[in-house]
Amino acid sequence: MTEKPSMPDAVANGLSMAVLNAIQNPVIMVDAKGLVAFANWEAESFFGASANHLARHDISAFIPFGSPLLTLIEQVRERKAPVNEYRVDLSSPRLGADKLVDLYVAPVLSEPGAVVVVFQERSMADKIDRQLTHRGAARSVTGLASMLAHEIKNPLSGIRGAAQLLETSANDEDRALTRLICDETDRIVSLVDRMEVFSDERPVDRVPLNIHSVLDHVKAIAKAGFARHIKFAEHYDPSLPPVYANRDQLVQVFLNLIKNAAEAIGERHDGEILLTTAYRPGIRLSVAGTREKISLPLEFCVHDNGPGVPQDLLPLLFDPFITTKTNGSGLGLALVAKIIGGHGGIVECDSQQNRTTFRVLMPASKGQAADDDDMPMTKGNLA
């Protein structure tokens with residue numbers, strides 16, 4: 001029996017690199033001296049440094065002081081056996097906030113003292129769990145809205161009518177008070193009307209849509225009004241498949257997100273909003289009551305360089321009545337979460353000083369986009 005010819009080393013090494021770079025998780029190899037001997041593309045992104053730069057430094061230079069990862073590496077070297085560690089916090093000014101990871105550390109038997117480390121970021125799983133909590137909160141608002149529509153709007157109508165009658169026979173001083181009553185009742189009715197949107201459970205018409213035409217439409221609205229002083233940039237993936245959605249609701253979602261970004265930026269002269277789209281395979285959600293899993297490969301992001309969201313508010317950001325605005329109602333982002341959840345997707349936020357990203361993940365449509373002629377043929381400028 002003849003042996004198969006062995007693969008040339010150069011070809012084998014090239015294939016190994018290609019496989020490691022195709023992995024969606026950061027992977028590094030730490031040699032016996034503690035230097036980062038290899039880092040795949042995801043690891044370069046995770047550490048914010050090139051593989052060449054990583055290779056010139058000890059792994060301890062890139063992770064928080066006293067991190068459990070260093071102990072795990074020593075443990076694997078001594079035992080020569082792989083170790084798993086879950087929910088390790090690597091948050092630092094270098095890596096950013098909310099860097100919670102699961103670690104897999106294993107020895108490299110062909111390289112004495114070397115170990116390979118695989119990082120599985122926990123943030124996405126945790127954010128999906130929070131997203132399901134947000135949906136429950138939105139359902140509670142649904143019941144509250146139905147009750148308010150009956151129990152509050154009807155009495156308010158009577159109060160407003162009585163104030164208008166009094167206004168006809170009041171003097172100038174009293175007329176100012178009746179006008180105040182009318183204005184405040186109108187404000188409360190407007191708030192209840194906004195909450196009633198949550199109780200609308202009617203099915204919506206959905207079609208395959210080109211997300212870029214939706215984003216360009218919203219951008220045109222913003223630049224003609226509330227964001228006329230802000231610079232916009234785009235980084236679109238022109239090969240993106242259509243999204244199966246309701247156009248009007250998606251316009252409402254991204255109008256809310258861009259308006260939030262513009263208000264966060266305020267009047268600063270260097271304000272910028274970056275719109276990005278990408279295909280990110282790997283995120284899958286289980287459907288309750290079935291074994292079915294829905295893939296969410298379409299990623300649409302709104303980035304801004306405003307001051308950022310306070311860290312204590314991030315877990316609650318999509319809950320109703322949570323807001324940082326002086327006169328805000330806290331229903332805009334809750335409505336965004338409801339609409340995207342109704343489309344089978346999720347929305348989440350990452351925020352640091354001068355960098356906030358709202359990320360919408362949605363399933364792709366299997367059909368052709370209704371507005372395919374509007375598909376941009378080239379990528380925009382990346383800010």
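Residues numbered from 1 in each chain as written. Predicted model: local features only at pLDDT ≥ 70, side-chain atom pairs only at ≥ 80, totals over all residues. Heavy atoms only, no water.

Draft legend 1. Main features of the packing of aromatic side chains. Applying the stated criterion across every chain, the model contains 5 aromatic pairs. Judged by centre distance (6.1 Å) and plane angle (70 degrees), the rings of Phe-47 and Phe-62 are edge-to-face. With Phe-47 in helix H2 (residues 41–47) and Phe-62 in the loop between helix H3 (51–55) and helix H4 (68–79), the pair connects residues that are 15 residues apart, well separated along the chain. For Phe-47, a relative accessible area of 2% gives the class buried. Phe-62 sits in the buried class, given a relative accessible area of 3%. Taking the centre distance of 5.7 Å and the plane angle of 85 degrees together, the rings of Phe-47 and Phe-119 count as edge-to-face. Of this pair, Phe-47 sits in helix H2 while Phe-119 sits in strand E5 (residues 115–121), placing them 72 residues apart in sequence. When sorted by exposure, Phe-47 lands in the same class as Phe-119, which is buried. Through successive ring pairs, a cluster of aromatic residues spans Phe-46, Phe-47, Phe-62 and Phe-119. (Phe/Tyr/Trp six-rings, centres within 6.5 Å; stacked < 30°, edge-to-face > 60°. Helix = DSSP H or I, 4+ residues; strand = E, 2+ residues; numbered from the N terminus. Buried < 20%, exposed > 50% of the residue type's maximum accessible area, 1.4 Å probe, protein only.)

Draft legend 2. Highlighting unusual backbone geometry. Phi angles above zero are rare outside glycine, and Lys-80 is one such case at about 55 degrees. Residue position: Lys-80 is located in the loop between H4 and strand E3 (83–89). The residue Asn-354 is not glycine, and still its phi comes out positive at about 65 degrees. Along the chain, Asn-354 turns up in the loop between strand E13 (346–352) and strand E14 (355–362).

Draft legend 3. Spatial organisation of the sheet that holds E13. With mixed pairing, the 5 strands of this open sheet are ordered in space as E7-E9-E12-E14-E13. Edge positions in the open sheet fall to strand E7 (231–235) and E13, since each of these has one partner strand only. Between one strand axis and the next, the sheet turns by 15 degrees as a mean value, whatever way the strands run. For strand E9 (residues 272–279) and strand E12 (residues 298–304), the ladder comprises 7 bridges, and the chain directions are antiparallel. Within the sheet, the bridge partner assigned to Leu-275 lies in E12 and is Val-302. Contacts between helix H8 (residues 211–224) and the sheet are confined to E7, E9 and E12, with E9 contributing the most and set at about 175 degrees to the helix. (Pairing = 2+ DSSP bridges. Axes fitted to C-alpha atoms, helices over the stretch in contact; angles between N-to-C directions. Contact = heavy atoms within 4.5 Å.)

Draft legend 4. Quick look at the packing of H8 against helix H9 (residues 247–265). Where H8 meets H9, the closest approach of the two axes is 9 Å, and the angle between their N-to-C directions is 50 degrees. Regarding the angle of H8 to H9, the classification is oblique. Where H8 crosses over H9, the two elements pack in a sense that is right-handed. Contacts from Ile-211, Ser-213, Val-214, Leu-215, His-217, Val-218, Ile-221 and Ala-222 in H8 reach Arg-247, Leu-250, Val-251, Phe-254, Leu-255 and Ile-258 in H9. (Parallel < 35°, antiparallel > 145°, perpendicular 65-115°, else oblique. Left-handed = near helix turned anticlockwise from the far one by under 90°.)

Draft legend 5. Representation of the sheet that holds E5 in the model. Taken in spatial order, the 5 strands line up as E2-E1-E5-E4-E3 in an open sheet, and their pairing is antiparallel. Edge positions in the open sheet fall to strand E2 (36–39) and E3, since each of these has one partner strand only. Strand-to-strand twist across the sheet, computed as the mean angle between neighbouring axes with direction ignored, equals 25 degrees. Pairing between strand E1 (residues 27–30) and E2: 3 bridges, direction antiparallel.

Draft legend 6. Region of the structure containing the packing of H9 against helix H10 (residues 332–342). Following both chains from N to C, one finds H9 and H10 inclined at 145 degrees, their axes separated by 10 Å at the closest point. Along this stretch, H9 crosses H10, giving a crossing that reads as left-handed. Packed against H9, whose contacting residues are Gln-249, Leu-250, Gln-252, Val-253, Asn-256, Leu-257 and Asn-260, the element H10 presents Gly-332, Leu-333, Leu-335, Val-336, Ile-339 and Ile-340 at the interface. Residue composition of the contact of H9 with H10, by class: 8 nonpolar, 5 polar and no charged. (Nonpolar A, V, L, I, M, F, W, Y, C, P; charged D, E, K, R; others polar.)

Draft legend 7. Fine view of the confidence of the model for the protein chain. Within the protein chain, residue pLDDT values average 78, and 72% of them lie at 70 or more. Under a pLDDT of 50 for its full length, residues 4–12 has, in the predicted model, 2 contacts with residues more than four places off or in other chains. Confidence drops under pLDDT 50 across residues 371–383; counting only partners more than four residues distant or on other chains, this segment forms 31 contacts. (pLDDT = per-residue confidence, 0-100.)

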